[in-house]
Amino acid sequence: MRVAIVLTDNREDRRLYHLPQPVFGPAPEALLEGFAELGEPEIHIISCLQKPVQPYARLAPNIHYHALHVPKIGWLRTGYQGCVRAVRRKLRALRPDIVHGQGTERECALCAVLSGFPNVVTVHGIMQEVKRALNAGLGSFHWFAAAFERFTLRRAGGVVCNSTHTEAVVRRFNIRTWRVPNALRRAFLESTPSQPSGLSKCRLLNVGSIYPLKRQVELARLAKCLRQSGLEFEFHFVGACDPTTAYGRAFLSEVESPECKGWLMYHGALPAEEMLRHYDHASALIHVSAAESFGLVVAEALARNLKLFAFRVGGVPDIAEGVDGAELVSDGDWAELGRRIAAWIKAGWPRPQTAAAVMRQRYHPTEIARRHIQIYREVLGQAAG
């Protein structure tokens, strides 16, 4: 079986065209690890970029990579028609059995459903919910993303949904769905999580890009209140921050205020190896996103046996269900969140011991890859019938 996966190369998002090899998001990267370990099927990744990049032919014996140069005019301003046409040309040469569009945020799902081949789409983030949470106006990027998402979901040969919540939303547009969670990268599952000796202070951690959806400014202010109540802890934020935005500036202002010196720290975006170190040095993950189709950082933190405090949003309850140390509160209930964190710190801030084993069982990349192969065969079987 030959599968073409239309996937965002993050060198495009980050304008890092000089990097020698493609960069993918954590969930697709983990899925590819699963396919590589299984040695099947034959995978062809197709990514569109606005500038030419250095050729990079193969990520694994069964995983090939194709970078397509699409000038700026072929992106959002023309409804991604340049991307759609470039992908279709490549697919006519590859002749895959099925096309998998990874994500409805930009061009990937659109290219899959307009490919002319049997196709499936994966929803990573529900753009309609993001649009509402950000109150995105007419003509904004998120307004267009939500509109394209509705278009693609209605036309997809089927939709892979990463949580119960995602599936409930998608079924309004397409009744053919499969519930398959995101995989975790092997690095987060294969080493034994352990807190280094000698840590005498509670360390709280928040992971995610700094913008209104993730509510880091509000979380930093909650942390200040907890410190003012006499609690001792450090708070570490990890994630990309754009200082040219109002929210980015507001966050940096909180972090750099004199009253936060020495206990509230911001580390920027980090590679997986550094993320593992931060998880293993932390005591708890605090996750307060306003919209969350799955919540991959939640699963990553639990895979390292961290305590979890999070709002009950989107797919987070699926991950936290039956997991030691996971505490969820109603979305937006900052007072209750603060009370739960304070009580845990006063109790000696214990970390769970069994969460990692549960995450390994649920989200191992080879098991998630096997489920995708089953879906591909199911779609192809029905197409043949």
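In short, a report on the structure. No experiment lies behind these values; they were computed from the predicted model shown.

### Topic: the side chain of H66
Right, on to step 1. Inspection of the secondary structure puts H66 in strand β4 (residues 63–69).
Right, on to step 2. Look at H66 and you get buried, because its relative accessible area is 15%.
Right, on to step 3. A polar contact of 2.9 Å, which involves the side chain of H66, links it to the side chain of H44.

### Some remarks on the nonpolar core
Right, on to step 1. L204, F233, F235, I286 and L337 are the most contacted members of the largest nonpolar core, which totals 34 residues.
Right, on to step 2. Secondary structure elements with two or more residues in this core: α9 (216–228), β10 (234–238), α10 (246–256), β12 (284–287), β13 (307–311) and α14 (334–346).
Right, on to step 3. Ranked by the residues each element gives to this core, the list is headed by α9, at six residues.
Right, on to step 4. Look past the residues within four positions of I286 in its chain and what remains in contact with it is L204, L205, N206, L219, F235, F309, L337 and I341.

### Looking at the sheet that holds β12
Hydrogen bonds along the backbone pair up the strands of a sheet, which may run parallel or antiparallel.
Right, on to step 1. The strand order across the open sheet built from six strands is β11-β10-β9-β12-β13-β14, with neighbouring strands paired in parallel fashion. Strands at the two margins of the open sheet, each flanked by one partner only, are β11 (264–266) and β14 (326–329). Adjacent strand axes in the sheet meet at a mean angle of 20°, parallel and antiparallel pairs treated alike.
Right, on to step 2. Relative to β12, strand β9 (residues 203–207) runs parallel, the two sharing two bridges. Within β12, the residue paired with L205 across the bridge is L285.
Right, on to step 3. Helix-sheet contacts for helix α11 (residues 272–281) involve β9, β10 and β12, and the interaxial angle to β9 is about 145°.
Right, on to step 4. Against the sheet, helix α12 (residues 296–303) contacts β9, β12 and β13, and its axis sits at roughly 170° relative to β12.

### A word on the side chain of E234
Right, on to step 1. Its place among the elements puts E234 in strand β10.
Right, on to step 2. Exposure remark for E234: the relative accessible area of 14% places this residue in the buried category.
Right, on to step 3. For E234, the side chain forms a polar contact with the side chain of R203, separated by 3.3 Å.
Right, on to step 4. Not counting the four nearest positions on each side in its chain, E234 is found in contact with K201, C202, R203, L204, W263 and M265.

### Section: a positive patch on the surface
Right, on to step 1. A cluster of basic residues, R85, R88, R89 and R92, forms a positive patch on the protein surface.
Right, on to step 2. Here R88 shows up in helix α3 (residues 81–94).
Right, on to step 3. Among the residues examined, R88 registers a relative accessible area of 36% and is labelled partly exposed.

The rules we used
Residues numbered from 1 in each chain as written. Predicted model: local features only at pLDDT ≥ 70, side-chain atom pairs only at ≥ 80, totals over all residues. Heavy atoms only, no water. Helix = DSSP H or I, 4+ residues; strand = E, 2+ residues; numbered from the N terminus. Buried < 20%, exposed > 50% of the residue type's maximum accessible area, 1.4 Å probe, protein only. Polar contact = N/O pair within 3.5 Å; in protein donor to acceptor, adjacent residues only side chain to side chain. Core = buried A, V, L, I, M, F, W, Y, C linked by side-chain atoms within 4.5 Å. Contact = heavy atoms within 4.5 Å. Pairing = 2+ DSSP bridges. Axes fitted to C-alpha atoms, helices over the stretch in contact; angles between N-to-C directions. Patch = residues over 30% accessible without salt bridge, like charges linked within 9 Å, V, L, I, M, F, W, Y side chains within 5 Å. Areas by Shrake-Rupley, 256 points an atom, 1.4 Å probe, with all protein chains shown as cover. Salt bridge = Lys/Arg side-chain N within 4 Å of Asp/Glu carboxyl O. Lys, Arg positive; Asp, Glu negative; His and termini not counted. Charge placed at Lys NZ, Arg CZ, Asp CG, Glu CD.

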